[in-house]
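Remarks on the overall topology
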Amino acid sequence: MQTALSKNRVFRFAPSPNGLLHLGHALSAILNHDLAAACGGRFLLRMEDIDPARSRPEFEAAIYRDLAWLGLDWEKPVRRQSEHLAFYGAALERLKAMGVLYPGFLSRGEVRARVLAQEAAGGVWPRDPDGAPLYPTEERSLDRDRALGWIAAGRQHAWRLDMEKALALVPEALSWSEAGEGPEGETGTVAARPERWGDVILSRPDAPASYHLAVVLDDAAQGITDVVRGQDLFHATAVHRLLQSLLGLPAPSYRHHGLVPGPDGRKLSKSNEDTGLTAYRERGVSPAGIRALLAGYGFVLH
Ligand code: GLU
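Residues numbered from 1 in each chain as written. Predicted model: local features only at pLDDT ≥ 70, side-chain atom pairs only at ≥ 80, totals over all residues. Heavy atoms only, no water.

The chain goes by tRNA glutamyl-Q(34) synthetase GluQRS in an unreviewed UniProt entry, where it is assigned to Shinella yambaruensis. Checking UniProt for the chain, the heading Sequence similarities (unreviewed entry) contains the comment "Belongs to the class-I aminoacyl-tRNA synthetase family." (UniProt positions renumbered as here; feature names shortened; annotations may be inferred.)

Rendered as structure tokens:
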């Protein structure tokens, strides 16, 4: 149904410039671009360059070059997350004032040591949907003054969401509208279960806003109505819905697409240069050839 309202739809492709784009990115970018074009909506590009240690200008330049080569065009100027740190910082302060954040001081290695000790004793440590161990919940009750003293003394820490307190502030059960599907075929109205992620990081000294925080703030700031992205981010949507609810942000609708398999059947990665778009181009594959490759994997392009 192409109603007048659909002209107000806003799509975005939001790559992180920490590597070269591969076929999976091409699929996301093409779907967003074509769905926007089909309904007369807008197509935006956002550089998720929030992590200064991993983002590089040469990858950003390669993203523009590869997307232009694919024949896509996007609205300018491009939003770059590194230019909006104060905006994310203000939201972080709001969440602190709501009492749903706490500073976590354990390193990944220290968490791993606790996990190993518990597992060696026959216990089971809860893990998130990506398989990473959850942060120990007893760290929520660290004495606040002591923690602030450690921060003042320069001790490394990350601001984490106290999942229990956050969920207690959310008025009703969270869900989202899924036009694609999750890894288990979930579609339609999907119940969000952010508690599966435990106390997620929202800010670290080296990356002032985590992916989760920046993505929901930017989607709202840019008026995104439709988030179209890979299924690897399907479960993360639960955390996004929770943050949207806490911060009073609108919920876009979501469409998660299947992942393009790598040559060895594994997930495509930015470090595998053979499946990068640049490599396809250099081997003489045309943009139409990229679309044909994707269609060959069974993806329906509009
Ligand atoms: N920046 C994320 C990535 O490159 C995608 C974020 C999103 O589409 O929500 O994986």
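Topic: the packing of aromatic side chains
Applying the stated criterion across every chain yields a total of 5 aromatic pairs. Summarising the aromatic geometry, the rings of Tyr64 and Trp74 are spaced 6.2 Å apart at their centres and angled 20 degrees between planes, so their arrangement reads as stacked. Separated by 10 residues along the polypeptide, Tyr64 in helix α2 (residues 57–69) and Trp74 in the loop between α2 and β3 (79–80) bring together distant segments of the chain. When the centroid spacing of 6.4 Å and the interplanar angle of 40 degrees are considered together, the rings of Tyr102 and Tyr135 count as tilted. Separated by 33 residues along the polypeptide, Tyr102 in strand β4 (residues 101–104) and Tyr135 in the loop between α4 (108–120) and α5 (144–152) bring together distant segments of the chain. Directly above the ring of Trp150 sits Arg155, whose terminal nitrogen or CZ lies 4.0 Å from the centroid. (Phe/Tyr/Trp six-rings, centres within 6.5 Å; stacked < 30°, edge-to-face > 60°. Helix = DSSP H or I, 4+ residues; strand = E, 2+ residues; numbered from the N terminus. Lys NZ or Arg CZ within 6 Å of the ring centre and 35° of its normal.)

Remarks on the pairing of strand β2 (residues 42–47)
Of all 6 residues that make up β2, 5 are buried, and the element is covered over most of its length. Summarising the sheet, strand β1 (residues 10–13) and β2 pair through 4 bridges and their orientation is parallel. Note that in β2 the partner of Phe11 across the bridge is Phe43. After leaving β1, the chain enters helix α1 (residues 23–38) and then returns to the sheet as β2, a path that is right-handed. Note that the unit made of β2, α2 and β3 has a crossover that is right-handed. (Buried < 20%, exposed > 50% of the residue type's maximum accessible area, 1.4 Å probe, protein only. Pairing = 2+ DSSP bridges. Right-handed = clockwise from strand over helix to strand, strands pointing away.)

Brief notes about the side chain of Glu60
Summarising the element assignment, Glu60 is placed in helix α2. Judged by its relative accessible area of 11%, Glu60 is buried. In terms of polar contacts, Glu60 uses its side chain to reach the side chain of Tyr64, at 2.8 Å. With residues near it in sequence (within four places) discarded, Glu60 still touches Pro17, Met47, Asp49 and Arg80. (Polar contact = N/O pair within 3.5 Å; in protein donor to acceptor, adjacent residues only side chain to side chain. Contact = heavy atoms within 4.5 Å.)

Here we look at the pattern of salt bridges
Under the counting rule described, the total for this entry stands at 24 salt bridges. For Glu48, the salt bridge is made with Arg46, and the minimal N-O distance between the two is 3.0 Å. The exposure class of Glu48 is buried, given its relative accessible area of 7%. A salt bridge links Arg204 to Asp206; its shortest N-O distance comes to 2.8 Å. Exposure remark for Asp206: the relative accessible area of 39% places this residue in the partly exposed category. Within this structure, Arg12, Arg46, Glu48, Arg79, Asp218 and Asp219 form a network of salt bridges that share partners. (Salt bridge = Lys/Arg side-chain N within 4 Å of Asp/Glu carboxyl O.)

Some details on the site of the ligand
The local shell around the ligand consists of Arg12, Ala14, Pro15, Ser16, Glu48, Tyr211, Val215, Arg229 and Leu233. A distance of 2.7 Å is found between an oxygen atom of the ligand and a side-chain nitrogen or oxygen belonging to Arg12. Tyr211 places a polar side-chain atom, nitrogen or oxygen, 2.9 Å from an oxygen atom of the ligand. (Near = heavy atom within 4 Å.)

A look at the pairing of strand β9 (residues 226–230)
Counted residue by residue, β9 has 5 buried out of 5 residues, so it is predominantly covered. Looking at chain direction, β9 and strand β10 (residues 253–257) are connected through 5 bridges and run parallel. Among the inter-strand pairings, Arg229 is bridged to a residue of β10, identified as His256. Crossover handedness for the path β9 to helix α8 (residues 237–247) to β10: right-handed.

What to know about the layout of surface pockets
Size it by volume and the second largest pocket reaches roughly 210 Å³. Leu31, Arg255, His256, His257 and Val300 are the residues nearest the centre of the second largest pocket, which is lined by 14 residues in total. Secondary-structure elements contributing two or more residues to the lining of the second largest pocket are α1 and β10. Sort the elements by how many residues they give to the lining of the second largest pocket and β10 lands first, with 3 residues. (1 Å grid on protein atoms, 1.4 Å probe; cavity = no way out; pocket = protein on both sides within 12 Å on 5 of 7 lines; lining within 4 Å. Points joined across faces, edges and corners; volume = space filled by probe spheres on them.)

A few points about the side chain of His256
Take His256: it is sitting in strand β10. Here His256 falls in the buried class, since its relative accessible area comes to 3%. Looking at His256, its side chain comes within polar contact range of the side chain of Arg229, at 3.0 Å. Sequence-distant contacts of His256, defined by excluding residues within four places in its chain, comprise Trp176, Glu178, Gly180, Glu181, Arg229, Gly230, Gln231, Leu233, Phe234 and Thr237.

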